[in-house]
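What follows is each chain in one-letter form.
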Amino acid sequence: ISIICQSSLLRSSNNLTEDKSWRCFKVIGPMPFYLVGIMAAIASVLKDHKISLLAQSTFDTDYVFVKCDVVERAEKVMVNEGLEM
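Given the structure is predicted, the values throughout are model-derived calculations rather than measurements.

Reading the values: rules and limits
Within every chain, residues take consecutive numbers counted from 1 along the sequence as written. Residue-level local features of this predicted model are given only where pLDDT is at least 70; pairs of side-chain atoms are given and counted only at 80 or more, and the full residue set underlies all totals for whole chains, interfaces and linings. Calculated side-chain values reflect all of the structure's heavy atoms, with hydrogen atoms and water omitted. Think of it this way: any DSSP run of H or I at least four residues long counts as a helix, any run of E at least two long counts as a strand, and we number them from the N terminus. The classification of residues rests on relative accessible area computed with a 1.4 Å probe and restricted to protein chains. Under 20% of the type maximum is buried, over 50% is exposed, and intermediate values are partly exposed. Every residue pair with non-hydrogen atoms within 4.5 Å of one another is taken to be in contact. The charge count treats Lys and Arg as positive and Asp and Glu as negative. His and the chain ends do not count. Throughout, a charge is located at the NZ atom of Lys, the CZ atom of Arg, the CG atom of Asp or the CD atom of Glu. Each cavity reported here is a set of points on a 1 Å grid over the protein atoms alone in which a 1.4 Å probe fits but cannot get out, each pocket an open set with protein on both sides within 12 Å along at least five of seven lines, and each lining residue one with an atom within 4 Å of a point. Grid points are joined across faces, edges and corners, and a volume is the space filled by probe spheres set on the points. Amino acids outside the nonpolar list (Ala, Val, Leu, Ile, Met, Phe, Trp, Tyr, Cys, Pro) and the charged list (Asp, Glu, Lys, Arg) are all regarded as polar, and Gly is one of them. Each reported salt bridge corresponds to a side-chain nitrogen of Lys or Arg within 4 Å of a carboxyl oxygen of Asp or Glu. Polar contacts, as used here, are pairs of N or O atoms within 3.5 Å; protein pairs need one atom able to donate a hydrogen and one able to accept it. Residues neighboring in sequence count only if both atoms are side-chain atoms.

Caption draft 1: Fine view of the overall build of the protein. Counting its regular elements, the protein contains two helices and three strands. Secondary structure elements of the protein occur, N-terminal to C-terminal, as β-α-β-β-α. Its C-alpha atoms give the protein principal-axis dimensions of roughly 40 × 30 × 20 Å. Within the protein, the fraction of its 85 residues that count as buried is 21%. Of the contacts made within the protein by residues no fewer than 6 positions apart, 64% connect residues no fewer than 24 positions apart. Side chains of the protein carry 9 positive and 10 negative charges; the gap between the two charge centres is 6 Å.

Caption draft 2: Molecular detail of the layout of surface pockets. Here the largest pocket is characterised by a volume of approximately 550 Å³. Among the elements that make up the lining of the largest pocket, the one with the highest residue count is strand S1 (residues 22-26) (three residues). Classifying every residue of the lining of the largest pocket by side-chain character gives 10 nonpolar, five polar and four charged.

Caption draft 3: Local environment of the side chain of Asp62. Relative to the elements of secondary structure, Asp62 occurs in strand S3 (residues 62-67). Buried within the structure, Asp62 lacks any salt-bridge partner; its nearest side chain of opposite charge belongs to Lys26, at an N-O separation of 11 Å. Side-chain polar atoms of Asp62 contact the side chain of Ser57, separated by 2.8 Å. With sequence-adjacent residues up to four places away left out, Asp62 is seen in contact with Phe25, Lys26, Val27, Met31, Ile38, Met39, Gln56 and Ser57.

Caption draft 4: Just unusual backbone geometry, in detail. In this model, Gly29 is joined to Pro30 through a cis peptide bond whose omega is 10°. Along the chain, the position of Pro30 falls in the loop between S1 and helix H1 (38-48). Despite not being glycine, Lys50 has its phi angle at roughly 55°, a positive value. Structurally, Lys50 can be placed in the loop between H1 and strand S2 (54-57).

What follows is the structure, encoded as structure tokens:
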């Protein structure tokens, strides 16, 4: 099981592995559920710039996580491509 949350919400435990090297972009929403291709468009843009992502979608918005070492580059790429985060 994977849990995505702020590190401060986790209790110390020997059974947890924590990775603090991710940063989150929230897609501006809420978005109607019938919209399609939002995450695909974001993933395609980042792929073209060789930036890996972790995607998390909910019923009314999407979240894109990228590693800390590429967060500034990812933000610049998304802004330049007109993606509103």
